[in-house]
Structures are given as structure tokens and as C-alpha cells.
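Now for the letters of each chain:
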Amino acid sequence: QAELANLARSAVDTKHADLINACMTFYVPTFLPDFQVVYIDDGDGDRITEAQRAALAAAGVTLGLGDSMPDVLLWNETKEQLWVIEAVTSDGEVDLHKVDQMTELAQRAGKRGVGFTTAYQTWKTAAARQSRHKNLPPDTYLWIMEDPTKHFHAIEASTAAQRNR
């Protein structure tokens, strides 16, 4: 039975889970070291495990059926902030709808704010998706797994001009 399970797992596309794992292994420790994981949505079945329910409760966050479910939700206890990571292999960038939904969740949970990162596996994928959609909201971040030592802050031209004054 274990051999059959491993065979079935190897036949399934795991790019999404692999990208989430890379975010947890490389991105979070490098760029968000003071944040802890409270929720990961990388599989089938129950959307929220018992361990995740406990972590969410400790953070004072409740995810309901009407909430936008992030791929990864992090919490900084000291700053009382949340952070959302969307790992994109086919769809699901952080967009204005996700920002609005997760900002509402953060406010409902009494958090001081929420940050956002869209993660892609490759530059090629990021370029293809963004040339088509151009949907990264201002004041969010972009991280690319094949170039893990950098993350990029999306800002509007007006904000950049103000910073350069």
C-alpha cells in the first residue's frame, strides 16, 4: 500500500507544493524571518488541519468558508502583522481582490497590517504571466524561486517619485 501511494504521488504534478516548500525553505527565512507559519494550503482534503487551527487560534485569526484562502499565511507576533504568499504555477497571483479580502481578514483579526508576496518558479513563468495579466498590486512583493536571493517590491510611479524627492 505504501509503494502504491508513493507511485501515485510521483505521477501527480507537485509543482505547486514544491513552490510552496521553496517559499518556506528559502523565502520566509531570508525575507520574513520574524514570521511564523499559521496556515498552508498545498494539498487536497481538509483545507485546515487541526494543527493549523491551533496555530490560527494562537494568532487570533479565523479562516471561514467565505474567506479568500491563501497558499501560505504567516504571522508576526511582535508586530501583530500577517503575511500572505501566493505560489503561482497556473493561476492565483496576489491581485487587488486578494489584497482586499486579506486586508479585511487582518482587520477583523485586529492585526496592524498584512503584506503580500506572489511567488513564481522561474523568470520565464513570471514574465509570461505578468505580460498577460499585469495584475501585481502596488506595495506587494514578487519572489522567483530560480533567483532566490532577491525579492522585488512593486510600487506605483507616483510612490517612486515621492521617494526620490
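Provided above is the structure to which this section pertains.
Described in the following lines is the structure provided in the data block. (Residues numbered from 1 in each chain as written. Predicted model: local features only at pLDDT ≥ 70, side-chain atom pairs only at ≥ 80, totals over all residues. Heavy atoms only, no water.)

1. Some thoughts on helix H4 (residues 96-108)
Here is the rule we go by: Under the scheme used here, helices are H or I runs from DSSP no shorter than 4 residues and strands are E runs no shorter than 2 residues, and both carry numbers assigned from the N terminus. A helix is expected to span 1.5 Å multiplied by its residue count minus one. Burial classes: relative accessible area under 20% of the type maximum marks a residue as buried, over 50% as exposed, and values in between as partly exposed (1.4 Å probe, protein chains only). Directions are taken from the helix axis to each C-beta atom, and the arc is the one they span. Note on definitions: a residue-residue contact is assigned when non-hydrogen atoms from the two residues lie within 4.5 Å. Pairs of N or O atoms are called polar contacts if they sit within 3.5 Å, as long as, within protein, a hydrogen donor faces a hydrogen acceptor (for residues adjacent in sequence, only side-chain-to-side-chain pairs).
For H4, built from 13 residues, the straight-helix expectation of 18 Å at 1.5 Å per residue is met to within 8% by its first-to-last C-alpha distance of 18 Å. Buried residues of H4: Lys98, Val99, Met102, Leu105 and Ala106, and no others. Across the axial projection of H4, the buried residues extend over an arc of 130°, all falling on one side. Facing away from the buried side of H4 by more than 90 degrees, the exposed set consists of Leu96, His97, Asp100 and Gln107. On its buried face, H4 sits against strand S2 (72-76), strand S3 (81-88), strand S4 (113-120) and strand S5 (140-144). N-capping of H4 is provided by Asp95, with a side-chain oxygen placed 3.3 Å from the backbone N of His97. Two residues or fewer past H4, Gly110 is found with a positive phi of approximately 75°.

2. Overview of the nonpolar core
Operational definition: Think of a nonpolar core as a cluster: buried Ala, Val, Leu, Ile, Met, Phe, Trp, Tyr and Cys residues, connected wherever their side-chain atoms sit within 4.5 Å.
Among the nonpolar cores identified, the biggest contains 20 residues, and Tyr39, Leu56, Val61, Leu63, Leu73, Leu82 and Phe116 are the most heavily contacted of them. Elements with a minimum of two residues in this core: strand S1 (36-40), helix H3 (50-59), S2, S3, H4 and S4. With four residues, H4 is the largest single contributor of residues to this core. With residues near it in sequence (within four places) discarded, Leu63 still touches Tyr39, Ile48, Leu56, Met69 and Leu105. Counting residues in hydrophobic clusters, the runner-up holds 17 residues, among them Leu19, Val28, Leu32 and Ile85.

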